[in-house]
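Here's the letter readout for the chains.
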Amino acid sequence: MDFQKIEKEMRKIWEDNNIYKFDEESDKEIFSIDTPPPTVSGSLHIGHIFSYTQAEIIARFKRMQGYNVFYPFGFDDNGLPTERLVEKEKNIRAKDMPRTDFIKNCMEISKKYEDEFKELWKSLGFSVDWSLEYRTIDPNVQKISQKSFLDLARLNKAYIKESPVLWCIHCQTSIAQAELDTKELDATFNYVIFKTSSDPLIVATTRPELLCACVSLFVNPNDERYKSYIGKTATVPLYNYEIPILKDERVSIEKGTGVVMCATFGDTTDVEWYREYNLSYKKTILPNGKIDEAIPFIGGQKTVEARSKIIKLLLENELLVKSESITHTVSVHERCNCEIEIIPSKQWYIDILSNKDLFLKASDKINWHPENMKNKYIDWVTNLKWDWCISRQRYFGVPIPVWYCKNCGKPVFAKDSDLPINPIETKINEICSCGSDEFIPETAIFDTWMTSSLTPFINEKKSKKILPMSMRTQAHEIIRTWAFYTIVKSLYHADEIPWKNIMICGFVLAKKGEKMSKSKNNSAISPQSLIETYSADCIRYWSANAKLGTDSFFSLDELKIPKRFITKLLNASKFAILHLEDIDLNANIEILPVDKWIIERTNETIKTSKGYLDHYEIGLSRQKIDDLFWKDFCDYYIEIIKDRLYKPEVHGLNERKSGQYALYYSLFNILKLYSIYVPHITEFIYQGFFKKHENKVSIHEHTWNDPKSHDKDILEFGEKLKEIIFNMRKYKSQNNLSLKTEMDKINIITDKKFINWFKLTENDIKACSFAKIINILEDA
């Protein structure tokens, strides 16, 4: 069967009939989805398919529960990730060409990838309303982003200051705490002599190149070895200036020698001490990662070269006691995996530290799926140490709408009515309070999260009825960025949570502990080639194989089961439809017990599956549907009633009609259950038969049945019937008999309440077991 052809035909039916169009005029309850706009930083991989498909399944589920689904899609196409992609693809460097030319390249490349992304999502059968599409670089989105900034500045929540900032020397820009990652690196602990008025102090440091920036030594006040040194001074080796010896309980007594040098700046603790103890600042590392030219011995050198030079000088001057190899954890920029520095810089920030309690309380108003992911959010907010730095010294992004007075440096903000605006391209006619009429434009752009954190407000422009949105879907590694920043913005701008539910998906792992990633180059098989080889429905079925929030491994072997499932669904449907062509859905018939059982099992599965999906557990829900389809429907029910369908002259016409009714009901509802997972093949089966009996263009316009209660007795009867069939098959298998081998008799011992039902099922049991006699006995 040509699955590619079938899937394209089914998608055309959906597109031609606007099956997934959000209806602004509908009075149905709205279910709105805040979908992550994928970052334009390279081709998508199977990890993206995994998480985005899980959310798409929820969209289809909610639509089939009668909701008016608002399901938009956007693309996050500004900022550093896109710039790095363009530099790599075009073999250019942004800093080596005119800014406008580089931005033009960015627009061209991002559009190319967005078209590729969109085609991939369509080929997977995503039920997106593409009329709601947006790009974070579009003028209308830039306007929303710049307006957000101006509003926060008016509320004194956005501010500018010169202070130590996290800085990526590779990407040449400031970064936020949320953009930090960590990695293990080999390093050397160097034991350096600091002379004092008494015995010298030995300091173990991995960064001897920062001796020239050392402003203090710290010891733990409880460390008996060094109590007599507190309040005295030490001389910095090689540079021969005095610094104070101070006490702080954050110093580890066990690590190194228990004496720590504070340099401006080696790490975040240095920054904390610098502020708390009002220490002096010594300029050392520049934005390009080199040592300041004014520094003796190492000026103009890169940090690694400077480190080697200082170690050599320490040895020559007998100021190095020893060096030992260690492995330690360092902070790196998540985008380039390069070590970060901390340097003073003038940047724009959003105040988040003063409102941590507000952000923590907001988490209690949101339903977290799975619930344990809330702890990741709480841990992040609790351990925040920096306000959110929102300015980036890059090129392709949303401009910061500010100019600065050339005379006094005072910032002048753009007017709301002039947005969107690029201060580099726009001259303002203002007079500063100091009397100057000359202004310097801001050249930095916003952090990309500054804009993508506004997706609920971007979506609100498409419909005024959606806030707070019903659901946010995302992966767990961006709880600290996308989830947190969106909550911040929503609380600041609307005094409201952004969404009622958040669905957190896991990763796809290439190998143990390593997620699939464009940057790691470990996702060689393209999703498009997988779709072309195995079908979109196979990929979708596989993506729903895990408990929500858990990580999954991927290999081609994983697609064998989905492929077998699609074949099984087709074959079971073909068999059923063969016997349903002459069905009379209006016939007045008495339903036999075994037919009542499969109907009731179907209803039970609908209810159970819905319960799981209401909590976003798409994997657990699919497992319940699989149990119904593979085991009860195919392995038992079809085999039990097969003879009755083929031979009405033996079993009776009404008995066949009873089987037809139950077969129609159970198969149609199984297709509806599966249609959120494998939309193409279920639509294909629907179009081929069920459409002529139902009043809907597409199976996806149907809603799931809503069974209120279960007939527990008929379900128990069905389990006992299955047990009889199972034992019959087991007996024949153990005795190397064909399933068609005749049996003299089968004795059924059962509860009194099931006696009559088993008598009504006697012919079916005979037919599928080839038993001559069925004895039905009451269990004494």
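As the structure is a prediction and not an experimental result, all values here were calculated from the model.

## Here we look at the overall build of the chain
Reasoning step 1: Tallying secondary structure elements over the chain gives 23 helices and 28 strands in all.
Reasoning step 2: Based on the C-alpha atoms only, the size of the chain along its principal axes is roughly 110 × 65 × 45 Å.
Reasoning step 3: Looking at the chain as a whole, 55% of its 780 residues qualify as buried.
Reasoning step 4: Within the chain, contacts between residues at least 6 apart in sequence are counted, and of these 78% link residues at least 24 apart.
Reasoning step 5: When the accessible area of the chain is evaluated, it comes to approximately 34,400 Å², of which 47% is carbon and sulfur surface.
Reasoning step 6: Looking at the chain, you have 108 positive and 111 negative side-chain charges, and the mean spots of the two groups are 1 Å apart.

## Focus: the side chain of Asp387
Reasoning step 1: Among the secondary structure elements, Asp387 is positioned in the loop between helix H9 (373-382) and strand E16 (388-389).
Reasoning step 2: In this structure Asp387 is buried but unpaired, with Lys161 as the nearest side chain of opposite charge at 5.6 Å.
Reasoning step 3: In terms of polar contacts, Asp387 uses its side chain to reach the side chain of Tyr159, at 2.5 Å.
Reasoning step 4: When residues no more than four places from it in sequence are discounted, the contact partners of Asp387 are Tyr159, Tyr349, Ile350, Asp351, Ile352 and Leu353.

## Comments concerning the packing of helix H8 (residues 356-364) against helix H12 (residues 479-494)
Reasoning step 1: Two elements in contact, H8 and H12, have axes separated by 10 Å at closest approach and are oriented at 105°. Looking at the two axes, H8 sits roughly perpendicular to H12. Where H8 approaches H12, its residues Leu358, Phe359 and Ala362 are matched on the opposing element by Phe484, Ile487, Val488, Leu491 and Tyr492.
Reasoning step 2: Looking at the contact of H8 with H12 residue by residue, the classes come out as eight nonpolar, no polar and no charged.

## Considering the pattern of salt bridges
Reasoning step 1: Following the criterion strictly, the structure yields 55 salt bridges and no others.
Reasoning step 2: Note that Asp77 and Arg135 form a salt bridge whose closest N and O atoms lie 2.8 Å from each other. Of this pair, Asp77 sits in the loop between strand E3 (74-75) and helix H3 (80-90) while Arg135 sits in strand E4 (residues 134-135), placing them 58 residues apart in sequence. The same class applies to Asp77 as to Arg135, namely buried.
Reasoning step 3: Among the salt bridges present, the one from Arg135 reaches Glu114, with a minimum N-O distance of 2.6 Å. Here Arg135, found in strand E4, pairs with Glu114, found in helix H4 (residues 99-123); they are 21 residues apart in sequence, far enough to count as distant. The exposure classification of Arg135 matches that of Glu114, with both residues buried.
Reasoning step 4: Three or more residues joined by partner-sharing salt bridges are found here, namely Asp248, Arg250, Glu272, Glu276 and Lys385.

## Section: the packing of aromatic side chains
Reasoning step 1: For the structure on display, the rule yields 52 aromatic pairs.
Reasoning step 2: Look at Phe565 and Phe629: their rings are 6.0 Å apart centre to centre, the planes differ by 85°, and that puts the pair in the edge-to-face class. You can see Phe565 sitting in helix H15 (residues 560-578) and its partner Phe629 sitting in helix H17 (residues 618-646), a full 64 residues away along the chain. Residues Phe565 and Phe629 agree in their burial class; the two are buried.
Reasoning step 3: The interplanar angle of 70° and the centroid separation of 6.0 Å between the aromatic rings of Phe629 and Trp630 together place this pair among those described as edge-to-face. By the burial criterion, Phe629 is buried, and Trp630 matches it.

## Observations concerning the sheet that holds strand E6 (residues 173-174)
Reasoning step 1: The strand order across the open sheet formed by four strands is E6-E5-E14-E16, and the pairing between neighbours is antiparallel. Among the strands making up the open sheet, the edge pair consists of E6 and E16.
Reasoning step 2: In the sheet, strand E5 (residues 158-168) pairs with E6 via two bridges, with the strands oriented antiparallel. Note that in E6 the partner of Trp167 across the bridge is Ser174.
Reasoning step 3: The strands touched by helix H6 (residues 268-276) are E5 and strand E14 (340-350); relative to E5, the strand with the most contacts, the crossing angle is about 140°.

## Brief notes about the pairing of strand E12 (residues 259-263)
Reasoning step 1: Burial analysis of E12 places four of its five residues in the buried class, which makes it a mostly covered element.
Reasoning step 2: Where strand E9 (residues 214-219) lies against E12, five bridges are found, and the strand directions are antiparallel. Of the residues in E12, the one forming a bridge with Ser216 is Cys262.

## Some points on H9
Reasoning step 1: All of the buried residues in H9 are Met373, Lys374, Tyr377, Trp380 and Val381. Viewed end-on, H9 has its buried residues packed into an arc of 125°, placing them on one side of the element.
Reasoning step 2: Structurally, H9 contributes buried residues whose contacts are with H8, strand E15 (367-369), H12 and strand E23 (499-505).

## A word on the nonpolar core
If you look at soluble globular proteins, the nonpolar side chains tend to sit buried side by side.
Reasoning step 1: Core analysis: the largest hydrophobic core is formed by 120 residues, its most contacted members being Trp121, Phe629, Phe633 and Tyr674.
Reasoning step 2: Discounting chain neighbours no more than four positions away, the residues touching Tyr674 are Tyr541, Phe565, Leu569, Ile625, Asp626, Phe629, Trp630 and Thr682.

## Describing the sheet that holds strand E18 (residues 402-405)
Reasoning step 1: Pairing is antiparallel across the open sheet formed by three strands, whose spatial order is E19-E18-E20. Unpaired on one side and paired on the other, strand E19 (411-413) and strand E20 (439-441) mark the two borders of the sheet. Ignoring which end each strand starts from, the neighbouring axes of this sheet average 35° apart.
Reasoning step 2: The sheet contact formed by E18 and E19 spans three bridges and is antiparallel. Within the sheet, the bridge partner assigned to Val402 lies in E19 and is Phe413.

## Points about the environment of Gly79
Reasoning step 1: Within the element layout of this structure, Gly79 appears in the loop between E3 and H3.
Reasoning step 2: Assessed through its relative accessible area of 2%, Gly79 is described here as buried.
Reasoning step 3: When the C-alpha positions of Gly79 and His651 are compared, they lie 71 Å apart, and in sequence the two are 572 residues distant.

## Things to note about the packing of helix H2 (residues 46-63) against helix H14 (residues 536-543)
Reasoning step 1: The interhelical angle for the contact between H2 and H14, taken along N-to-C directions, is 85°, at an axis separation of 9 Å. One way to sum up the angle between H2 and H14 is to call them roughly perpendicular. Residues Ile46, Ile49, Phe50, Thr53, Gln54, Glu56, Ile57 and Arg60 of H2 form the contact with H14, whose own contacting residues are Ile539, Arg540, Trp542 and Ser543.
Reasoning step 2: Residue composition of the contact of H2 with H14, by class: six nonpolar, three polar and three charged.

## As for the environment of Ser198
Reasoning step 1: Mapped onto the elements, Ser198 comes out in the loop between strand E7 (180-196) and strand E8 (201-205).
Reasoning step 2: Along the backbone, Ser198 and Gly299 are 101 residues apart, and their C-alpha atoms lie at a distance of 32 Å.

The rules we used
Residues numbered from 1 in each chain as written. Predicted model: local features only at pLDDT ≥ 70, side-chain atom pairs only at ≥ 80, totals over all residues. Heavy atoms only, no water. Helix = DSSP H or I, 4+ residues; strand = E, 2+ residues; numbered from the N terminus. Buried < 20%, exposed > 50% of the residue type's maximum accessible area, 1.4 Å probe, protein only. Contact = heavy atoms within 4.5 Å. Areas by Shrake-Rupley, 256 points an atom, 1.4 Å probe, with all protein chains shown as cover. Lys, Arg positive; Asp, Glu negative; His and termini not counted. Charge placed at Lys NZ, Arg CZ, Asp CG, Glu CD. Salt bridge = Lys/Arg side-chain N within 4 Å of Asp/Glu carboxyl O. Polar contact = N/O pair within 3.5 Å; in protein donor to acceptor, adjacent residues only side chain to side chain. Axes fitted to C-alpha atoms, helices over the stretch in contact; angles between N-to-C directions. Parallel < 35°, antiparallel > 145°, perpendicular 65-115°, else oblique. Nonpolar A, V, L, I, M, F, W, Y, C, P; charged D, E, K, R; others polar. Phe/Tyr/Trp six-rings, centres within 6.5 Å; stacked < 30°, edge-to-face > 60°. Pairing = 2+ DSSP bridges. Arc of directions from axis to C-beta. Core = buried A, V, L, I, M, F, W, Y, C linked by side-chain atoms within 4.5 Å.

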